[in-house]
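Now for the letters of each chain:
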Amino acid sequence: MEQRRDTLLWIGLAAASALLALEPLRWLFVSWLDPSYQSYGAVYCIVLFGLVGLSLKSSTPDGPPATTLAFGLFFVAAAIRLAGQVLAINVLSALTLALDVFALAVILQLDRRKFALSPGWLALFFLFALPLGPILQRVAGFPLQMASADLACQMLTPFFGDLICEGTRLRVNGIDVLVDLPCSGASGLLLMVSLWTFVNVWYRPRLLPALVGGLIAVGLSLVGNALRISLLAGGLAVGIDTMEPTLHAAIGLAMLAAAALPFLLVYRPAAKAPRRAPHGTRRIHKALRGPAILLALITALAITNAPRRPVDLSAPVAAVQLPMQLLGERGTPVVLTAAEEYYFTAYGGTAQKMQYGPLGLNIVRTTSPLRHLHSPATCLLGMGYSVRFLGTRFDPLPSSVYEATGPDGRVWNVEVSFVSDDGHRTASVEEAVWSWLNGSSRSWQSVQRITPKSLPHDDRISFERAALAALDL
């Protein structure tokens, strides 16, 4: 009878947890399949399942897991899921999945098996299944660019006497090199931190040695990325085309390996023996099990139906007065898609699209750039385009330049600039977001210009200058 009650308790708790996890799981699967997220999270999940499978096969622990701990974790997950639901932040809701992984690892008693795994580190490793790359780039991409540029400048100084360093711009032997977003090192940093977490899953180190290992991983990642930038810039300075795709990729992979191998050789924390004692034998009293299941189910239903009240809505912003014509080409308004209409209605801000002959002009205005602004690659990849970043230019306005090839084979030139109401101009959405986060610039607009790749260069420049002049930029 007691075993039957335990089974019913676990079934009820599993049902309530599944209700909370359903929407985050759907979003997680979408992030794996949607190219705009540029996520490799499925690979991390495959590795995680492999580790769990090896642990389960290694031995069978004695004694049942503690039900009180499982219920405690459920209500912590419920609180996080409620915050994500109300604030309309998908990645916050998805953090509940990491707690679910921790709870499952505890219930399966993975840390008491012959091939023991740490439930805590396993949950942290699962976080890399989320699309952390775009999030890290948007929130911390600009300071990472600045740090990488500063380290690269120090590395290059002994070899190039005429080196000039200005923020993220390096000038070597008269050649201008920009440490733009792909050179921020965000991807390499995530890989190194995930490697550190992976090692900790089975070593199960104590907190202090683990933190020291984390600092080593971060430091090696930053130094490796700065060395990569130095080799790229130094190669260009002496006449080697280090921007050639194969050589560029080879240098990147070599520097990533140069950071990872010393870490694996140096970081060897003392492994803890598998736990012999159970986590706890405290169990919910049989008279409270029914009410506990009912409370968990009601809580899950209430949270999943809670109204959304995001706090990062854009304040009302006036639409830009777009010119009626440019260089004799009359402007034709382009209707926003249903998804775009919904997004700007739900989260504020304005978006306008206008076509002037071969030139497409897209304007987005917002006081919440973290919610609304992104690079063109994000939406173009989601629409099935292949996108290649061509670089950054500064005349007549700082602009990131992309080449986009559509599913129909047509090739487009896409340029975007970000301008704040207080006059801050940048080619990087990460710099715009960073400026907004530290409170220096509150209202931003993105100015995106799209032209066919086949359009003659002089015509493209003429259309662009006319558009920017009409917008007083």
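See the structure above.
Residues numbered from 1 in each chain as written. Predicted model: local features only at pLDDT ≥ 70, side-chain atom pairs only at ≥ 80, totals over all residues. Heavy atoms only, no water.

S.K.: Explain the overall build of the protein to me, and be specific about the residues and the numbers.
M.R.: The number of helices and strands found in the protein is 15 helices and 12 strands. In terms of overall dimensions, the protein has a C-alpha envelope of 85 × 55 × 40 Å along the principal axes. Taking as baseline every contact in the protein between residues at least 6 positions apart, the subset at least 24 positions apart corresponds to 72%. A total of about 23200 Å² of accessible surface is found on the protein, and carbon and sulfur atoms cover 66% of it. Between the centroid of the 37 positive side chains of the protein and the centroid of its 30 negative side chains there is a distance of 16 Å. (Helix = DSSP H or I, 4+ residues; strand = E, 2+ residues; numbered from the N terminus. Contact = heavy atoms within 4.5 Å. Areas by Shrake-Rupley, 256 points an atom, 1.4 Å probe, with all protein chains shown as cover. Lys, Arg positive; Asp, Glu negative; His and termini not counted. Charge placed at Lys NZ, Arg CZ, Asp CG, Glu CD.)

S.K.: Go over the sheet that holds strand S3 (residues 175-178) with me, naming the residues and quoting the values.
M.R.: Read across the open sheet, the 3 strands follow the order S1-S2-S3; overall the sheet is antiparallel. Two strands in the sheet have a free side with no partner beyond their single neighbour: strand S1 (164-166) and S3. Ignoring which end each strand starts from, the neighbouring axes of this sheet average 20° apart. In terms of strand pairing, S1 meets strand S2 (residues 169-172) through 3 bridges, oriented antiparallel. Counterpart to Cys165 in the pairing with S2 is Leu170. (Pairing = 2+ DSSP bridges. Axes fitted to C-alpha atoms, helices over the stretch in contact; angles between N-to-C directions.)

S.K.: If you had to explain the environment of Leu48 to someone new, which residues and values would you point to?
M.R.: Position of Leu48 among the secondary structure elements: in helix H2 (residues 41-58). Among all residues touching Leu48, those that are not within four sequence positions of it are Val101, Leu122, Phe125 and Phe126.

S.K.: Describe the pairing of strand S7 (residues 359-366), naming the residues involved and giving the relevant values.
M.R.: On a regular strand, each side chain points to the face opposite its neighbour's, so the side chains alternate between the two faces of the sheet. Most of S7 sits out of view: 8 of its 8 residues are buried. Here S7 shows a buried face lined by Leu359, Leu361, Ile363 and Arg365 and a second buried face lined by Gly360, Asn362, Val364 and Thr366. Direction of pairing for strand S6 (residues 350-356) relative to S7: antiparallel, over a ladder of 7 bridges. Paired with Ala351 across the strands is Val364, a residue of S7. Counting the residues that bridge the hairpin from S6 to S7 gives 2 residues, and of these Gly357 lies at a positive phi of roughly 60°. Sheet topology note: the S7/strand S12 (residues 444-452) ladder contains 7 bridges and is antiparallel. For Arg365, the partnering residue across the bridge sits in S12 and is Gln445. (Buried < 20%, exposed > 50% of the residue type's maximum accessible area, 1.4 Å probe, protein only.)

S.K.: Please set out the environment of Phe160 residue by residue, giving values where relevant.
M.R.: Mapping Phe160 onto the fold places it in the loop between helix H6 (132-156) and S1. Excluding anything up to four places from it in sequence, Phe160 contacts Val172, Asn173, Gly234, Ala237 and Val238.

S.K.: Describe the nonpolar core, and please don't skip the residues or the numbers.
M.R.: The nonpolar side chains of a soluble globular protein tend to be buried, and buried together. Within the largest apolar cluster, 35 residues are counted, with the highest numbers of intra-cluster contacts made by Leu48, Leu122, Phe126, Val201 and Phe263. Elements with a minimum of two residues in this core: helix H1 (2-33), H2, helix H4 (90-107), helix H5 (119-126), helix H7 (186-203), helix H8 (207-237) and helix H9 (245-266). Top element by residues in this core is H7. It accounts for 7 residues. (Core = buried A, V, L, I, M, F, W, Y, C linked by side-chain atoms within 4.5 Å.)

S.K.: Talk me through the pairing of S6; I want residue IDs and the actual numbers.
M.R.: Burial along S6 is one-sided: Thr350, Gln352, Met354 and Tyr356 are buried, and none of Ala351, Lys353 and Gln355, which face the opposite way, are. The pairing of strand S5 (residues 329-333) with S6 spans 3 bridges and is classified as antiparallel. Bridge pairing in S6 places Gly331 opposite Tyr356.

S.K.: I'd love a proper account of the packing of aromatic side chains, names of residues and values included.
M.R.: According to the stated counting rule, one finds 11 aromatic pairs in the structure shown. Note on Phe29 and Trp32: the rings are 5.3 Å apart at their centroids and 75° apart in plane angle, and the pair reads as edge-to-face. Here Trp32 and Phe29 lie together in helix H1, a separation of 3 residues that amounts to about one turn. Assessed through its relative accessible area of 22%, Trp32 is described here as partly exposed. Residues Phe198 and Trp202 carry aromatic rings whose centres are separated by 5.0 Å and whose planes lie at 80° to one another, so their mutual orientation is edge-to-face. (Phe/Tyr/Trp six-rings, centres within 6.5 Å; stacked < 30°, edge-to-face > 60°.)

S.K.: Which residues make up empty space enclosed by the protein, and what are the values?
M.R.: Counted by the stated rule, this structure contains 1 cavity of 30 Å³ or more. The calculated volume of the largest cavity comes to roughly 40 Å³. For the lining of the largest cavity, the leading source of residues is H1, giving 3 residues. Here the lining of the largest cavity is built from residues that sort into 2 nonpolar, 2 polar and 3 charged. (1 Å grid on protein atoms, 1.4 Å probe; cavity = no way out; pocket = protein on both sides within 12 Å on 5 of 7 lines; lining within 4 Å. Points joined across faces, edges and corners; volume = space filled by probe spheres on them. Nonpolar A, V, L, I, M, F, W, Y, C, P; charged D, E, K, R; others polar.)

S.K.: Lay out H2 in plain terms, naming residues and giving numbers.
M.R.: Residue pairs three or four apart in sequence face the same way in an α-helix, which turns once every 3.6 residues. For H2, which comprises 18 residues, the first-to-last C-alpha distance of 26 Å matches the rise-based estimate of 26 Å (1.5 Å per residue) to within 8%. All of the buried residues in H2 are Gly41, Tyr44, Cys45, Leu48, Leu51, Val52 and Ser55. Viewed along the axis of H2, the buried residues span an arc of 125°, placing them on a single side of the element. Exposed and oriented more than 90 degrees from the buried face of H2 are Ile46, Phe49, Leu54 and Lys57. (Expected span 1.5 Å × (residues − 1). Arc of directions from axis to C-beta.)

S.K.: So what's going on with the environment of Thr350? Residues and values would help.
M.R.: Tracing the backbone through its elements, the reader meets Thr350 in strand S6. With sequence-adjacent residues up to four places away left out, Thr350 is seen in contact with Val317, Ala318, Ala319, Phe344, Ile363, Val364 and Arg365.

S.K.: I'd like a rundown of the state of the cysteines, residues and numbers included.
M.R.: Covalently bonding the sulfur atom of one cysteine to the sulfur atom of another cysteine gives a disulfide. Counted according to the given criterion, the structure contains 1 disulfide. One disulfide bridge connects Cys153 with Cys165, the sulfur atoms lying 1.9 Å from each other. Between Cys153 and Cys165, the disulfide has an S-S torsion of 95° and is therefore right-handed. Of this pair, Cys153 sits in helix H6 while Cys165 is found in strand S1, placing the two residues 12 residues apart along the sequence. (Disulfide = S-S within 2.5 Å.)

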